[in-house]
Amino acid sequence: QVQLVESGGGLVQAGGSLRLSCAASGRTFSSYAMGWFRQAPGKEREFVAAIGSSGARLYYADSVRDRFTITRDNAKNTVYLQMNSLKPEDTAVYYCTDAYQMNLRWLGNYWGQGTQVTVSS
């Protein structure tokens, strides 16, 4: 029984920034690694970033490394994704999830409704 609610998406020009938030339910939030995925129209959902339960371990897709930063505030049951230097190819619906690796791939069990990020050129 986990609920995730993403927010913070919107329309931004290339080179701009957005900060996404994911509010999670449950008293065991701090025991889970969390992550962000995104899905563009007509494409499969892809991994963006993940963060370990304590916030010490960070993982990024090559396409966003050095531009995006994932953080978490366990006291607030919230995960954030700071997105800088946005590109049109970042346009997608961004989803929050509990993140784990299986066969060298990132997966998740629970998903929010997603938040739309649109980057104009």
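Provided above is the structure to which this section pertains.
Only a predicted model underlies this, so the values are computations on that prediction, with no experimental measurement involved.

Applying the stated rule across the entire model yields 4 salt bridges. For the salt bridge of Glu46 with Arg38, the shortest nitrogen-to-oxygen distance reads 2.7 Å. A residue is classified by how much of its surface remains accessible, and Arg38, at 5% relative accessible area, is buried. The closest approach of N and O atoms between Asp90 and Arg67, which form a salt bridge, is 2.8 Å. Taken as a pair, Asp90 in the loop between strand E8 (78-83) and strand E9 (92-102) and Arg67 in the loop between strand E6 (58-60) and strand E7 (68-73) lie far apart in primary sequence, 23 residues in all. You'll find Asp90 and Arg67 in the same group, each marked buried.

The next point concerns the sheet that holds strand E3 (residues 18-24). Within a sheet, adjacent strands bond to each other through the backbone by hydrogen bonds, running parallel or antiparallel. Read from one edge to the other, the open sheet built from 4 strands follows the order E1-E3-E8-E7, with strand pairing classed as antiparallel. Each edge of the open sheet is held by one strand with a lone partner, namely strand E1 (4-7) and E7. Within this sheet the neighbouring strands show an average axis-to-axis angle of 15°, counted without direction. Pairing of E3 with E8 involves 6 bridges; the strand directions are antiparallel. Its bridge partner being in E8, Arg19 is matched across the sheet by Gln82.

Attention shifts here to the pairing of E3. Side-chain positions along a regular strand alternate between the two faces of the sheet. A large share of E3 lies buried, amounting to 5 of its 7 residues. Examined bridge by bridge, E1 and E3 share 4 bridges and lie antiparallel to one another. Bridging from a neighbouring strand, Ser7 pairs with Ser21 of E3.

This part takes up the nonpolar core. Judged by nonpolar contacts, the single largest core of 31 residues is most densely connected at Trp36, Leu81, Met83 and Tyr94. For this core, the secondary structure elements donating two or more residues are E3, strand E4 (34-39), strand E5 (46-51), E7, E8, E9 and strand E11 (115-120). Considering every element that reaches this core, the biggest residue donor is E5, with 5 residues. If sequence neighbours within four positions are ignored, Met83 has contacts with Gly16, Ser17, Leu18, Leu20, Arg67, Phe68, Tyr94 and Val117.

A separate point is the packing of aromatic side chains. With the rule as written, the count across this model stands at 5 aromatic pairs. For the pair Phe37 and Phe47, a centre-to-centre distance of 5.6 Å together with 75° between the ring planes defines the contact as edge-to-face. Placement of the pair is Phe37 in strand E4 and Phe47 in strand E5, with a sequence separation of 10 residues. For Phe47, a relative accessible area of 16% puts it in the buried group. Taken together, a centroid distance of 5.1 Å and an interplanar angle of 55° make the contact between Tyr59 and Trp106 tilted. Of the two residues, Tyr59 is situated in strand E6 and Trp106 in strand E10 (residues 105-111); the sequence distance between them amounts to 47 residues. Relative accessible area serves as the criterion here: at 16%, Trp106 is assigned to the buried category. Through successive ring pairs, a cluster of aromatic residues spans Phe37, Phe47, Tyr59, Tyr95, Trp106 and Trp111. Over the aromatic face of Tyr80 sits the side chain of Arg19, whose NZ or CZ is 4.0 Å from the ring centroid.

Cut-offs and rules
Residues numbered from 1 in each chain as written. Predicted model: local features only at pLDDT ≥ 70, side-chain atom pairs only at ≥ 80, totals over all residues. Heavy atoms only, no water. Salt bridge = Lys/Arg side-chain N within 4 Å of Asp/Glu carboxyl O. Buried < 20%, exposed > 50% of the residue type's maximum accessible area, 1.4 Å probe, protein only. Helix = DSSP H or I, 4+ residues; strand = E, 2+ residues; numbered from the N terminus. Pairing = 2+ DSSP bridges. Axes fitted to C-alpha atoms, helices over the stretch in contact; angles between N-to-C directions. Core = buried A, V, L, I, M, F, W, Y, C linked by side-chain atoms within 4.5 Å. Contact = heavy atoms within 4.5 Å. Phe/Tyr/Trp six-rings, centres within 6.5 Å; stacked < 30°, edge-to-face > 60°. Lys NZ or Arg CZ within 6 Å of the ring centre and 35° of its normal.

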